Each structure stands twice: as C-alpha cells, then as structure tokens.
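# Structural overview for review
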Number of protein chains: 2
Amino acid sequence: MKDKQNILIIGAGLCGSLLALRLGQRGYNVNVYEMRPDLRTVEISAGRSINLALSDRGFKAMKLVGIEDKVRELCIPMNGRMLHDVEGNMVMAPYSGRDHEYINSISRGLLNALLMDEAEKHENVKFHFNKKCKSVDFEKTTALFEDHNSKDEFVEDADIIIATDGAGSVMRQSYFLGKKFLFSFSQDWLSHGYKELSFHPTENGDYKTYKNALHIWGRDSFMLIALPNLDGSFTVTLFLSYEDGEYNFGNLTTPEKVIEFFQKYFKDALELMPNLVDDFFTNPTSPLGTVKCSPWHYKGNTLLMGDAAHAVVPFYGQGMNASFEDVTIFDKVLDEDHDDWETVFKVYEQNRKQDTDAIADLSMDNFHEMKGHVNKAIFREKRNLEMALEKNFPNDYSSKYSLVTFQENIGYREAMLRGRAQDKAILNMLADKIIDLNDDLKTNLEKVKTVTEEILEDDMVAKNLKH
Amino acid sequence: MKDKQNILIIGAGLCGSLLALRLGQRGYNVNVYEMRPDLRTVEISAGRSINLALSDRGFKAMKLVGIEDKVRELCIPMNGRMLHDVEGNMVMAPYSGRDHEYINSISRGLLNALLMDEAEKHENVKFHFNKKCKSVDFEKTTALFEDHNSKDEFVEDADIIIATDGAGSVMRQSYFLGKKFLFSFSQDWLSHGYKELSFHPTENGDYKTYKNALHIWGRDSFMLIALPNLDGSFTVTLFLSYEDGEYNFGNLTTPEKVIEFFQKYFKDALELMPNLVDDFFTNPTSPLGTVKCSPWHYKGNTLLMGDAAHAVVPFYGQGMNASFEDVTIFDKVLDEDHDDWETVFKVYEQNRKQDTDAIADLSMDNFHEMKGHVNKAIFREKRNLEMALEKNFPNDYSSKYSLVTFQENIGYREAMLRGRAQDKAILNMLADKIIDLNDDLKTNLEKVKTVTEEILEDDMVAKNLKH
C-alpha cells in the first residue's frame, strides 16, 4: 500500500472531514472535494438538522484524533428525555441510571468547522469547495466534478477514492447505475417527514425551558422534539405523516390550521414559539429514509463511508456517531497492516456492515418508542426498573439504550440482540406479573438476566446457530 | 371506473398472461406488449428456470379463470423432498402428512402458452410480441416501446398500465429514476448464483431417478436440485457461491474441475448426467435476488404486479404462485366496486404488500433449510414429528411448509408468523428434551400448541401490539 498514498475524499461533511483529519494524521496526501461553499465563511441554510446528539461512540473517534476537549466545549449535556404530555405537564426520564452517562446537543456547523480546521493544520490535507461530484469511474478510480461558479467540468485522479457524500451519494449511484457487479441496495422512506422549528432565547438570552434535556412531545402517530443550542435557543423538530391522520403535512396549509394543531397537541410548546407560523412556512419539509447497501467498495479502488454507505432515520441520535465510528473502525483496520487496499476495504466492511445494519433497525425501533411507547405504563415501568438496576448495579446491567449509546466498546449488533432480548424479558415478566417492582432489586436483576439468556438461547436454537 | 376500460399490460409472462385472461373475462379491452417473440412459435432459450413448482395458491387462480383441469394435465406431482447424501443414499421426506397435499412440477413454457391461448379466446384481449418497453410516463399513462425488428419506437396510450415485466421491470425503473414521489425500493443479491443442468431420459424415455419428488443434494454451503419434466427428463439446478468456498462458480473453469466437484459431492447425480460438462459450459450462470418496493402504484394510472413488484429467491417454490395469487387478490378488489382505479390500486397494495414481503423472507429461510438444515438431526426430528401430527390430526396441525404451500386461504404473513413460532417451539422443546418423540402424540400436539401460543404472545407484548 506504500505506493498508493493519494486519497480523494468526496464530501466535507462530518464524516469526510473527520476522515480527512485522521488520514492526514497518518501521513496520506488527502484532497477533499465538497459541493457546498466553505461553511466557515458562509451562513449554512436553516431548516436541516442544525444540532445533533453526540454520544460515546462519537467521542471515541474525537479522542482518536485528539480533539475531545475542544469538542466538549461545544456540547450541552442532555441527561434525559423531558416528556411533555398534552396538558403541558413535564416529567424527566433519565437516559441512564449512571450519572456520568448522558448525551450531548452539539451544533453540526461548529463541529464540522472544528474538524476542518484541525484537518487543514496538516499540510498534506487540502479542501476544495464548490466542486460538485457528478459521477465516479470506479474502474479507473477517477471522479468527475463540476465547479459551482464556472460550471467547468474536470476529472480528478487518485490512488483511492472514498465517498462520504451522504445519504444521496453520487458514488453510490454510480455503483447502482453502473451494473458492473451485483450491488445490493435499499432505500426505505418513512410515511413521516420532518420540519425544523425553533424556540428563540428569552430577551435576556436564557433558555425558555429546561436546558439539559431532550424534550419530547410524543403523540403516538406524530411527535415534536427540542434540543438546546449554545445561544439559548432550541432547535425544535416536528415529525408528522405526509398524508395520514387528521393533521398531516399535506393539509397543514394555513397559519390557522397550524396553530389549531399545535394548540391541540403541543400547547406548552406553542407558548414558547410566537415564531411558529413563520418557521413552519419558511422551512422545508424533508423526508426520512434508511439506506443500506453492499458491497461498499469496488476492488481496492473506491469505498463508501458514513451516510453514503448507511443512512439511518434520526430517532436513536446515532447517525453522526455511527459515521464517526466508521472512521474509528477503518483506522483500526489500517493498523492491521494489510497488503493492499482491497483487503483493507473488505475487512473493514466485514467488521462493520452488521453493526450499521443493526443501528438502522434500532433507529426504527426508537421511532415507535419515542412517538408512543414512552407514554405507556408498561414501558415506563420497564424504564423505572432499568434505571434502578443501572443505578444500583452499575457494573451488572445496561439497558438497550445504554448499550447502544454509552458502550462504545461493543458493536451495535451485539447491543441490539442483547437489548431487544432484555426488553422482551422485562416486558413479558411485567405483563405476566412475574416481576414485582416492589420486590428486592437483586432478585429482579437475576430474573431479568436469566430470562434474557433464555430468550437469546431460544432464538439461537430456532435460527440454528447452535446444534 | 366505467369510463376507463383500456388496459395496457407490459409483459406476457405467467403473471401478465393470467392477468390478461382474467381482465378479458371481466370485459376490459386489454393489450399486452411483450419484448420477446411468441413462445408458442419459437423455441425458448434453455438454461433459465424451465420448470417450476405449482401449488395450491397457484391453483386457486387457475380455478378462478376456469382452467384448473387443463393445467392439471401439465403437472407432475412431487410428494416430497428426495434427499441425497454424499454417499448417494436417498431418503424421501414428504411435504405433508396429508396425502392430498403435494406440489407439482410444471413447464413454464407450456403453462405460459396455455394462459395466452385462453386469453386470446377473448376478442377484447390482444398480444403484441417483439415490442420492448423502454420507459413509462406514469403521469401521462403512456409507455414507450421499441419494435425488435424495425427498431422503430412508438408510444402507446391507455387508461391504465399494469407492468408485469418481471424482476427487472422497466416501469419500476421509471418509478425509481423519476424521483417524482418517495419510492422505497430494495434489491438484495445472494452471494450464490445458479446454473441449470439436466438429466436426460433413458433410451426408452423413462425417468432416470424417482419421478414424483423434488430431489435435493444439500451440502450446507451449496446444493443441487432436480425437478421432473413430462418428457422423462429432469431439470437440474446447481446453487453455488460465485466466489467463496473451495469450489465456486469463479473457479469451476475447466471440465476436469467440474467433474472433480460433482464426483466429490454429487456422485450419484453425476452418474445420471454424462452431459454435465456440455450443460455446465453452455448454460449461463445467473444471479439470485429479492426485490421489494412501495408504492406499487402511481395514482390511478399505473400498477406493478408479480415479480415486477416483488421478486423472490426460488427456494420456497412460491414465486409463480405468489404472482398468480396477486391476480386472485386483485380480482377480489375489483369485485368490491370501488369508485376509481386509485382506490383499487391502494386497497390492493394494502391487502397484499405484507404477504409478498413475508414470502420474500420465507424464501430466504428455505434457502438455509434446503442447503443444510434438512440434513441436521434436530430438523429431521422436527419434520418427523410434524408429519405425524399432520397425519394423525389433519384438522389440528399444519407445519410452516404446509401453511405456506397448501393453505391458500390464509396469507403468507399469517403463515410465516405461525409457522416460525411453531418451528421455534418444536426446536427448543426438542433441544431441551421437553418433547419426547416416544410420548403420546396427542400430548406432544398440546405441548406444541401451547408453547407456540406463548411465543406468539411474548412477541406481541415485546412489539407492543397489545397492552
């Protein structure tokens, strides 16, 4: 691999910028081509996931590149879900029973700018803005770009090309349309779309509602959420069906109807946003989709990474974390000193694919959990039990949420299998009154562990993984 | 809908021809455009699924159009799987404990010809051959065709267009590339491909091996199967990885290596095919894939049906049956007298989609079952128990295979959920020695039923379908 040092990265988003930084640190010659202007010099457009949730898998990658402290400065801890009911009552549901486990609200723009700044400190890393990729020739390892200003087209050559150009990846499209190899691919759209709104800060710059939480107004078939920003504002997101139900994006076409809808379902939120109607009719409604594909690479020439390889719906707050984890895993494979890039790409995909498939499925699970389950008695009982277990037996129990979010040293797939089995065990024991929440906690821990193991074992036998 | 009577069907394969026949019977003006020549006048190319398994869901559609008896004449009953081990020993594993339940080997060409003959008896049905569809304008409800001989292009207009143009559907591609609406789509390729081979008849026209079975040589990571034809031959199919394992399609490049492979793993089959090397190097190697998508329709203008909407891998022998069942279900929706085609298409997809998703998943299950599970002791014990239950309690028990294959009045999804739960119940009770095959059969039936219900109930609680 020594003779293949020129790496072209398509896309200077979060994943591409981190990858450029890491490969720069490793000494490669890195050129990053980005279709948009430099976000450090121009205002990025509003209305598209302004802030994100950063958690332990993401931080592991930040540590790898040595910028953990700088990133922490951009973070607002969110210790739990603040659940808002229709009456406007609030209750805090912590994310974990262990105090040091929480997620963080962070600005996409600030984090991306930091990653680019750090990458550019390396002489061997260069960013090229306003260069839109049109297609990739994966046999020749070349990419065709168009300059946004001059509209001139030009071809760039490299030893390897890594596409981190997001859910709508142009290189992935070249794989799909090229039909040169068997390319498995799926795009799955939700019937729900999303729209970003906002709570402005108070007149003296304070937060209008509790700062250190992810606020949720779950209404079964739709929901509103809010994440805090450093400037005292919250970015608020409405998830709603395009067509179904009494209120949907298709029929919320007048200010009156929008206000009626919020008055009925999000009364307390409406009070915090006199700017609702403006936001609603200014910001776009965007679709929510999951993308999976395989293979991610073509020979040793090209590789998909981040959302380009595995876009997920946002409900586990893991999209960015998963993309950052891609870089961690890729870096580990580079450490293994394989003979050629094809082996690196193959081993990387083998190590990684089942975990990104799992986080896609987990993210769909959480859509249903956030919309409705969080409001159901049996789910609340489960969460209460899990919080108590995590608090009292911090080394012996982790909920599915904790396994996914705070245990960066196990893969998403393991977290999913164990987490789902635990959920099934607890929910069924609660339904069948085999667990009593007034019982001794140690007894309940043992019951949960035993039944979880039985469920995992039964599934293995049924799937013929054993015998 | 009375004013929209002109229906254009793209593709005169099994599904399109049946649909044309049924819509002809209902009085619509039907024009069917097929890219290939009329298969009744030219030899169809060898090497691509010459025969198929027809079972009860398919027959239900044949009854609907009144040609059951004619179809029966083309059928060769297959009562079970004839399992061949590496030594060449054979053991028959029946498909059902009920004697009247079996599947049928049928020639794709003969059945397709019959369907076209029957359809053409209706003056209002016309077939147009050698007309290749290039694209569909689903806003205007027009299709662009190219004449195979003259290469002239022409546009056809219709009130509605139904595409039954198979797994590589051109209309589905127009949906995908058009990006006019949120189109969920997946194509999943197996790492295995297939190649068709054959056992010729004996010199006096007899079958070289047992006629009334689907023969299987399951070898865990690959397999060979054989289905009988009316002329005394068998169509034999090899399913093998493209790249992995000691022997694969990638390295079977010389006659010597092919014979070595068959000598080692399919000794008794090799003895029946002196023509092996010829077949192997003449016939193509083809990929195996699953296609899912949604929505199937655009407004009331266009609709995907059959493999165009839901292509499956062939391992449950349900591809053709599922496509025929599409027509049965569609016909039932037409009986409901809806106001417009958009409602017909919407209701049809709502009724049908979850079942075609299920048969896709079931077909993947059966890939693993046929390759390897059938050879495992615990799976054989399960099948023996199930055969005994079906034989002795014909009204009280049906295996997953029977639910899918012989119970045409329940949907695939219901068959899948119940069938998988039964399999899990039996396998785990066998593994845990809770069921003893020497016990009273009635006792074992009760155990299976009770534990199956528990599994279904536990899954419902975990998925929050209840409480």
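Notes on the structure follow. (Residues numbered from 1 in each chain as written. Chains lettered and ligands numbered in written order. Predicted model: local features only at pLDDT ≥ 70, side-chain atom pairs only at ≥ 80, totals over all residues. Heavy atoms only, no water.)

Before going further, it helps to spend a moment on helix α1 (residues 14-25) of chain A. Residues and elements named next belong to chain A. Between its first and last C-alpha atoms α1 spans 17 Å; for 12 residues at 1.5 Å apiece the expected length is 16 Å, and the two agree. For α1, every residue scored as buried is listed here: Leu14, Cys15, Gly16, Ser17, Leu18, Leu19, Ala20, Leu21, Arg22, Leu23 and Gly24. Backbone geometry just downstream of α1 places Gly27 in the positive-phi region, at approximately 100°. (Helix = DSSP H or I, 4+ residues; strand = E, 2+ residues; numbered from the N terminus. Expected span 1.5 Å × (residues − 1). Buried < 20%, exposed > 50% of the residue type's maximum accessible area, 1.4 Å probe, protein only.)

The subject of this paragraph is the interface of chain A and chain B. With 29 residues of chain A in contact, the opposing surface of chain B contributes 29 residues. Between chain A and chain B lies a buried interface of about 2600 Å² when both sides are counted; carbon and sulfur atoms form 57% of it. Across the contact surface, chain A and chain B share 2 salt bridges. With a closest N to O distance of 2.5 Å, Asp459 of chain B and Lys424 of chain A form a salt bridge. Mapped onto the side of chain A that touches chain B, the elements with two or more residues apiece are α5 (170-178), β13 (184-199), α13 (412-431) and α14 (441-462) of chain A. Top element by residues in the side of chain A that touches chain B is β13 of chain A. It accounts for 7 residues. Per-class residue counts for the side of chain A that touches chain B are 14 nonpolar, 8 polar and 7 charged. Where β13 of chain A and strand β13 (residues 184-199) of chain B come together, 3 bridges link them in antiparallel fashion. (Contact = heavy atoms within 4.5 Å. Buried area = accessible area lost by both parts, 1.4 Å probe. Salt bridge = Lys/Arg side-chain N within 4 Å of Asp/Glu carboxyl O. Nonpolar A, V, L, I, M, F, W, Y, C, P; charged D, E, K, R; others polar. Pairing = 2+ DSSP bridges.)

This brings us to the relation of the copies chain A and chain B. Note on the identical chains: chain A maps onto chain B by a rotation of 180° and an axial translation of 0.0 Å, with an RMSD of 0.0 Å. Taken together, these values place the two copies in the relation of a two-fold axis. Of every C-alpha in chain A, the one belonging to Ser186 of chain A sits nearest the axis of rotation, 1.9 Å from it. Most of the interface of chain A is mirrored in chain B, where 100% of its interface residues again form contacts. (Least-squares fit on C-alpha atoms with pLDDT ≥ 70 in both.)

Here we take up the sheet that holds strand β4 (residues 76-78) of chain A. All names here are of chain A. One open sheet holds the 3 strands; their spatial order is β3-β7-β4, and the pairing between them is antiparallel. Looking at the sheet topology across the chains shown, the edges are occupied by β3 (51-54) and β4. Between one strand axis and the next, the sheet turns by 35° as a mean value, whatever way the strands run. Inspection of the sheet shows β3 paired to strand β7 (residues 103-107) by 4 bridges, in the antiparallel sense. Residue pairing in the sheet places Asn51 in a bridge with Ser107 of β7. Sheet contacts for helix α9 (residues 319-335): β3 and β7; angle to β3, the most-contacted strand, approximately 60°. (Axes fitted to C-alpha atoms, helices over the stretch in contact; angles between N-to-C directions.)

Two descriptors summarise a pair of aromatic rings, namely the distance from one centre to the other and the angle between the planes of the rings. As enumerated under the stated definition, the model contains 81 aromatic pairs over all chains in all. Both rings, one in Phe280 of chain A and one in Phe281 of chain A, keep their centres 5.3 Å apart while their planes meet at 65°; by these two values the pair is edge-to-face. The exposure class assigned to Phe280 of chain A is buried, which follows from its relative accessible area of 3%. A relative accessible area of 38% places Phe281 of chain A in the partly exposed class. Relative to Trp217 of chain B, the ring of Phe199 of chain B has its centre 6.1 Å away and its plane inclined at 85°; by these criteria the two rings are edge-to-face. With a gap of 18 residues between them, Phe199 of chain B in strand β13 and Trp217 of chain B in strand β14 (residues 214-218) connect regions that are remote in the sequence. What makes Phe199 of chain B buried here is its relative accessible area of 0%. One Lys or Arg, Lys195 of chain A, reaches over the ring of Phe280 of chain A and ends 4.8 Å from the middle of that ring. (Phe/Tyr/Trp six-rings, centres within 6.5 Å; stacked < 30°, edge-to-face > 60°. Lys NZ or Arg CZ within 6 Å of the ring centre and 35° of its normal.)

This brings us to the sheet that holds strand β10 (residues 142-147) of chain B. Residue and element names in this part refer to chain B. Taken together, the 3 strands give an open sheet; going across it, the order is β9-β10-β11, and neighbouring strands pair in antiparallel fashion. In the strand order of this sheet, the two ends are held by β9 (131-137) and β11 (153-157), each with one partner. Taking each pair of neighbouring strands and ignoring which way they run, the sheet shows an average axis angle of 30°.

Take the pattern of salt bridges next. Tallied over the full model, the rule gives 65 salt bridges over all chains. When the shortest N-O distance is used, the salt bridge between Glu101 of chain A and Arg98 of chain A registers 3.1 Å. Neither Glu101 of chain A nor Arg98 of chain A differs from the other in exposure class; each is buried. For Asp326 of chain B, the salt bridge is made with Arg352 of chain B, and the minimal N-O distance between the two is 2.7 Å. With a gap of 26 residues between them, Asp326 of chain B in helix α9 (residues 319-335) and Arg352 of chain B in helix α10 (residues 341-371) connect regions that are remote in the sequence. Each member of the pair Asp326 of chain B and Arg352 of chain B is classed as buried. Three or more residues joined by partner-sharing salt bridges are found here, namely Asp365, Lys382, Arg383, Glu386, Lys400, Arg420 and Asp423 of chain A.

Residue and element names in this part refer to chain A. With omega at 0°, the peptide bond leading from Ser294 into Pro295 counts as cis. Along the chain, the position of Pro295 falls in the loop between β17 (286-294) and β18 (297-298). Of note, Lys151 is a non-glycine position whose phi angle comes to about 65°, a positive value. Secondary-structure assignment places Lys151 in the loop between β10 (142-147) and β11 (153-157). A positive phi angle is found at Asp337, which is not glycine, with a value near 60°.

Residue and element names in this part refer to chain A. It is at 10 Å that the axes of α9 and helix α10 (residues 341-371) come closest, and there the two elements cross at 145°. In this structure, the crossing between α9 and α10 has a hand that is right-handed. Residues Ala322, Glu325, Asp326, Ile329, Phe330, Val333 and Leu334 of α9 form the contact with α10, whose participating residues are Trp341, Val344, Phe345, Val347, Tyr348, Asn351, Arg352, Thr356 and Ile359. In the contact of α9 with α10, the residues fall into 11 nonpolar, 2 polar and 3 charged. (Left-handed = near helix turned anticlockwise from the far one by under 90°.)

Now for the pairing of strand β1 (residues 6-10) of chain A. Residue and element names in this part refer to chain A. Burial of β1 is extensive: 4 of the 5 residues sit out of reach of the surface. Following the chain from β1 across α1 to the adjacent parallel strand β2 (residues 29-33), one finds a crossover that is right-handed. Summarising the sheet, β1 and strand β12 (residues 160-163) pair through 4 bridges and their orientation is parallel. Bridge pairing in β12 links Leu8 to Ile161. (Right-handed = clockwise from strand over helix to strand, strands pointing away.)

This brings us to the side chain of Glu146 of chain B. Residues and elements named next belong to chain B. Structurally, the position occupied by Glu146 is in strand β10. By relative accessible area, which is 16% here, Glu146 ends up buried. Ignoring any residue separated from it by four or fewer positions in sequence, one finds Glu146 in contact with Asn130, Lys131, Lys132, Lys134, Lys151, Asp152, Glu153 and Phe154.

On the surface, a cluster of negative charge is made up of Glu243 and Asp244 of chain A together with Asp337, Asp339, Asp340 and Glu342 of chain B. Looking at the secondary structure, you find Asp339 of chain B in the loop between α9 and α10. (Patch = residues over 30% accessible without salt bridge, like charges linked within 9 Å, V, L, I, M, F, W, Y side chains within 5 Å. Areas by Shrake-Rupley, 256 points an atom, 1.4 Å probe, with all protein chains shown as cover. Lys, Arg positive; Asp, Glu negative; His and termini not counted. Charge placed at Lys NZ, Arg CZ, Asp CG, Glu CD.)

Scope: geometric values only; no functional claims are made or implied.
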